[in-house]
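Examination of the molecular architecture
Read off the chains here:
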Amino acid sequence: MKYLTILTLFFSCLATYTYGQTTENRGTLSGKVSTGDDGLPFASIQLMGTNIGTNADEQGNFRLEDVPVGQQTLKISQVGYQSLTRTVEIKGGQTTQLDIDLNEDLLNLEGVVVSGTRYEQDRVSNPVVVGVIGEKLFNATQSIAISEGLNFQPGVRVETNCQNCGFTQVRLNGLEGSYSQILINSRPIFSALNSVYGLDQIPANIVERVEVVRSGGSALYGSNAIAGTINIITKDPVENTWEIRSNTALIGGEAVDQTFNFNGSVVNESLTSGVTFYGMSRHRDSYDANGDGFTELVRLENTVLGAKAFFKPGEDSKITLDFSALEEYRRGGDRLDLAPHFTDITEELDHNTFIGGINYEQWSKNDKNKFSLYASTQSTQRDSYYGGLGGGRTPEDSTLAINAYGLTDDLAVVAGVQYNHYFNNNDVIILGIENQYYDTRDEIQGYNRLIDQQVNTTGFFAQYEWKPNEKFMALLGGRYDVSNVDGIYTVGGINRSADVTVGVFSPRATLLYQVNENLRFRGGYARGFRAPQAFNEDLHISSVGGEPLFVILSDDLDKETSNAFTGSLNYTKSMGLAQFNLLIEGFYTQLQNPFTQVSTGVQLPNGSIIEEVRNGEGATVSGVNFEAGYSPSGKFAFQLGGTAQQSNYSETQVIFEPEEGDENAITVDEFVRNPNLYGYFTSFYNVTEAFKIDLTGTYTGSMIVPRVVGANGSPDLLDSDPFFDVNLKASYNFNISDDLNLELSVGFRNLFNSFQPEFDSGPERDSDFIYGPAAPRSVFFSVKIGNLY
Amino acid sequence: MTRELFILAVFTILLFLGTPASAQEAGSVRWLTFEQLEDSLAAHPKRVFIDFYTDWCTYCRKMDKRVFTKPEVIDLLNEDYYAVRFDAETEANIVFGGQTLINDQVGKSRSPIHQIAQLLALREGQFAPPTLVILDEDFKVTARYFEYMDSKKLVSALK
């Protein structure tokens, strides 16, 4: 209670300051409500966004005291009359006079039943900037998997990390994939293992939208969301629909990428139960850019089947169930038709993943309280092969190659309860507890390599959504996480282990100030941390100089913490049919003890190369995200967005540390593989109702790329050239009947073939030396049949 | 294994969705235009039901396909009401009650709301379809609903 008073005082001071009043911070409002020439008795006068209100007397006179100074909005209503809202300026210590004339409600529009939950409406104002990548954009870019369409938000960049296996990760504000939390239907079941290949495995056609929040703004999501969250929301059914789609693409003029998709939904008439089904079957040939017989793009075979169902046992409760089964086979390297151990390099992975979740929501009768209970799980079995003869043909090479088969078991279980209370003045409080458990076991006996890690995190969170008036809104919250990591990490003769428990409090605060109808200011602060553990890259094995490259955690690895600040201005304006929006967002993130991979030059007796994860020097990531859009009418829209940033280590960071007397250490001042300038544009033109053209593209600025040249893993640092990757799509819709539509589309991805100009070649290449757009030019043709347009 | 399942699922769903909904031969709702409504009200006063929709509104389509096809809804609307279905974004001029009502937002807004809808179907200044309005014999509004209604709810609202 004391805090609330202080907060109120603080806000009053703010208001006083803003409006230049120095006397007192309270004023009086009085006046008369009338209709025509007569006073109107007993009308209600309510100060919007507060509990302050009164009723007029029999003559229609009213008086409100202790009204906070500044612009106040009043709502005046009386049964049988049309309600009115009025904005008045209240001056400190003075009485403001206001006379109101209410019109009789001739059509009787006000006094009747007003309800509404299931209707079409835009988003509501939110203090956190949420970027949305919708279904439309995945269509416009002809994205098959989610990874192909994510680049179209400021600050988001998907990079390919390996030519042998196609490992991709998504960077947010320049920070690596393991700094972001990927959520599926708001649940963090995307494990470290999933984030190696998972973005390629989730088909874009199951997605309703992807919500991107840069910098952890909300206390509701985990503390390791240092760079932000990417929330993949799958489709919710309303109508009975079906759709079948086929997409054929030819990549680089030779590799065929064939996909079949379907989705359908059935919902009963009362909207109390329904289900959406979806599926995808994809086959993509491998692609070799430089003709050396080794892949740049891996062969993919992917089958996905899933459903999302809901059931409402009563008016106030809802149960949602979802599941997906993903099966993916990928293989890269050379001679893909031979058994892996007869080749020079093979990375072959066969994933079987199951994702499932259940969610129960219960509302109280007065809709003021919401209680939800949820549990989600993800389980993956993976057969892997990371290895090969590596250019050699000795008996030792063969022995090593035949023993490079591995097995991975991965399990994630997330369960929690959450309680929301909605106050009369529109404030909301949210309280919750969530437990996350991740269990990963990745074993390759031939290398004596084992990662056996259990991470359990229990988080308590609270958040208060404070709306003192129409212009100001704040989210104040925090979470306390207790994280326990129990892991064994072995490669060759190196043994490391972790058994740590850390408890960290992470406060979060964001605020929104509506400067005027068109301009909004937002600001936020978030603290985050990561407990020492194996992340995505640590579960991936690269190949260098014909030898496997392993990543292992160093001893006494300490937790990593972060402080993130953001501030943004958002301007939106509609002038008749034209719409304009501009977002400028500054971000500043400090990392303390960041987990950093250092190449140690250590080679195991069998030749394997070791990189170690250590607590690196502190780092600062700062910059500006921008987004501007203009649309003169519904026929045409253009959007441009991007990021200009710096990512600097506070002191020179060693990335290659040779054994003594060997070679000089190699150091960097800024992050590698991260451009200082990158962005995108999207545009569409509806030539007619049925004929549509989409032009989209991404820009990737120059960046520092390490390329391993020494036999012990020592890298060269190169400056890459910028890339401009443009997609063009034309589609035509044939409306065959009311219930049948056929859409044909053709186009190009990466129209100008902006692709990495030179790759390493042969069995001894550095497989991580890949950057820039994911694929060369491809031409595609797609057919879509469905009952909806 | 999953691949076979996939193919099986495609065909099952196709079959499922391809089967026409159990045939209902109760006819259909006799929808009137506002001009027809005026004549009908003059000749024989009855209560009026107006369904304000737009072509992009998912819930409106759902009501058309699943609710306004139910025999009990059709019977009630045809017998006790004059039923009007009105595209809130229509650009047509409509003469009603001796006045010409137009869509004055055409060319000014992406979703131009016709004056008739502005008069009858706004809620706190906003139009959010589907909006269902019930009026008495004197054309005075008795109830407004700003949401999807299934046949059970609609029937109890109409009774």
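Higher on the page you've got the structure.
Notes on the structure in this doc start here.

Looking only at helices and strands, chain B features six helices and seven strands. Secondary structure elements in chain B, listed N-terminal to C-terminal, are α-β-α-β-α-α-β-β-β-α-β-β-α. Counting across all 159 residues of chain B, residues that qualify as buried make up 48%. When contacts within chain B are restricted to residue pairs at least 6 apart in sequence, long-range pairs at least 24 apart make up 64% of them.

Right, let's talk about the overall build of chain A for a bit. Regarding its fold elements, chain A presents four helices and 43 strands. Since a compact globule built from 789 residues should have a radius of gyration of about 28 Å, the 29 Å found for chain A is in line with a globular shape. For chain A, the spread of C-alpha atoms along the principal axes amounts to about 105 × 65 × 50 Å. Burial analysis of chain A (789 residues in total) assigns 55% to the buried set. Partitioning the intrachain contacts of chain A with sequence separation of at least 6 by distance along the chain shows that 66% fall at a separation of at least 24.

Attention shifts here to the environment of Gly333(A). All names here are of chain A. Here glycine 333 is to be found in strand E19 (residues 317-333). Considering only alpha carbons, one finds glycine 333 and aspartate 37, 296 residues apart in sequence, at a separation of 88 Å. Not counting residues up to four positions away in its chain, the partners in contact with glycine 333 are Asn164, Gly293, Phe294, Thr295 and Ile345.

In this section: the packing of helix H4 (residues 71-80) of chain B against helix H6 (residues 151-158) of chain B. All names here are of chain B. Direction vectors running N to C along H4 and H6 enclose 25°, while the axes themselves pass 10 Å from each other. Taken as axis vectors, H4 and H6 run roughly parallel relative to one another. Pair H4 / H6 crosses with left-handed handedness. Listed contacts from H6 to Glu72, Val73, Leu76 and Leu77 of H4 are Ser151, Leu154, Val155 and Leu158. For the contact of H4 with H6, the class distribution of residues is six nonpolar, one polar and one charged.

This part is about the sheet that holds strand E7 (residues 84-90) of chain A. Sheets are built from strands paired through backbone hydrogen bonds, the pairs being either parallel or antiparallel. All names here are of chain A. Pairing is antiparallel in the open sheet, where four strands are placed in the order E4-E3-E6-E7. Single-partner strands in this sheet number two, and they are strand E4 (53-55) and E7. Neighbour to neighbour, the strand axes of the sheet diverge by 20° on average, direction disregarded. With three bridges connecting them, strand E3 (residues 44-47) and E4 associate as antiparallel partners. From the neighbouring strand, serine 44 faces E4, where its bridge partner is asparagine 55.

Further remarks concern the pairing of strand E25 (residues 472-491) of chain A. All names here are of chain A. Taken across its 20 residues, E25 has 14 buried, putting it largely inside the fold. Summarising the sheet, strand E24 (residues 449-466) and E25 pair through 17 bridges and their orientation is antiparallel. Residue pairing for E25: glutamine 463 is matched across the bridge by glycine 477. Between E24 and E25, which follow one another and run antiparallel, lie five residues. Here E25 runs beside strand E26 (residues 494-514); their pairing, made up of 20 bridges, is antiparallel. Among the inter-strand pairings, tyrosine 480 is bridged to a residue of E26, identified as phenylalanine 505. The turn linking E25 back onto E26 is made up of two residues, and glycine 492 within it adopts a positive phi angle of 50°.

This part is about the nonpolar core. All names here are of chain A. In terms of nonpolar packing, the biggest core is built from 91 residues, with Leu150, Val170, Leu175, Ile202, Val210 and Tyr489 touching the most fellow members. In terms of residues, this core owes the most to one element, strand E29 (residues 547-553), which gives five residues. Beyond its immediate sequence surroundings of up to four residues, valine 210 is in contact with Gly131, Val132, Ile133, Phe138, Leu150, Ile230, Asn231 and Ile232.

This part takes up the state of the cysteines. Applying the stated criterion across every chain, the model contains one disulfide over all chains. A sulfur-sulfur separation of 2.2 Å characterises the disulfide bridge that pairs Cys57(B) with Cys60(B). On the S-S bond that ties Cys57(B) to Cys60(B), the torsion sits near 85°, and the link is right-handed. Each member of the pair, Cys57(B) as well as Cys60(B), is classed as buried. In this model Cys165(A) remains outside any disulfide bridge; the closest cysteine sulfur is found in Cys162(A), 3.5 Å from its own. With relative accessibility at 1%, the residue Cys165(A) sits in the buried group.

Parameters at a glance
- Residues numbered from 1 in each chain as written.
- Chains lettered and ligands numbered in written order.
- Predicted model: local features only at pLDDT ≥ 70, side-chain atom pairs only at ≥ 80, totals over all residues.
- Heavy atoms only, no water.
- Helix = DSSP H or I, 4+ residues; strand = E, 2+ residues; numbered from the N terminus.
- Buried < 20%, exposed > 50% of the residue type's maximum accessible area, 1.4 Å probe, protein only.
- Contact = heavy atoms within 4.5 Å.
- Rg over C-alpha atoms; globule rule 2.2 N^0.38 Å.
- Axes fitted to C-alpha atoms, helices over the stretch in contact; angles between N-to-C directions.
- Parallel < 35°, antiparallel > 145°, perpendicular 65-115°, else oblique.
- Left-handed = near helix turned anticlockwise from the far one by under 90°.
- Nonpolar A, V, L, I, M, F, W, Y, C, P; charged D, E, K, R; others polar.
- Pairing = 2+ DSSP bridges.
- Core = buried A, V, L, I, M, F, W, Y, C linked by side-chain atoms within 4.5 Å.
- Disulfide = S-S within 2.5 Å.

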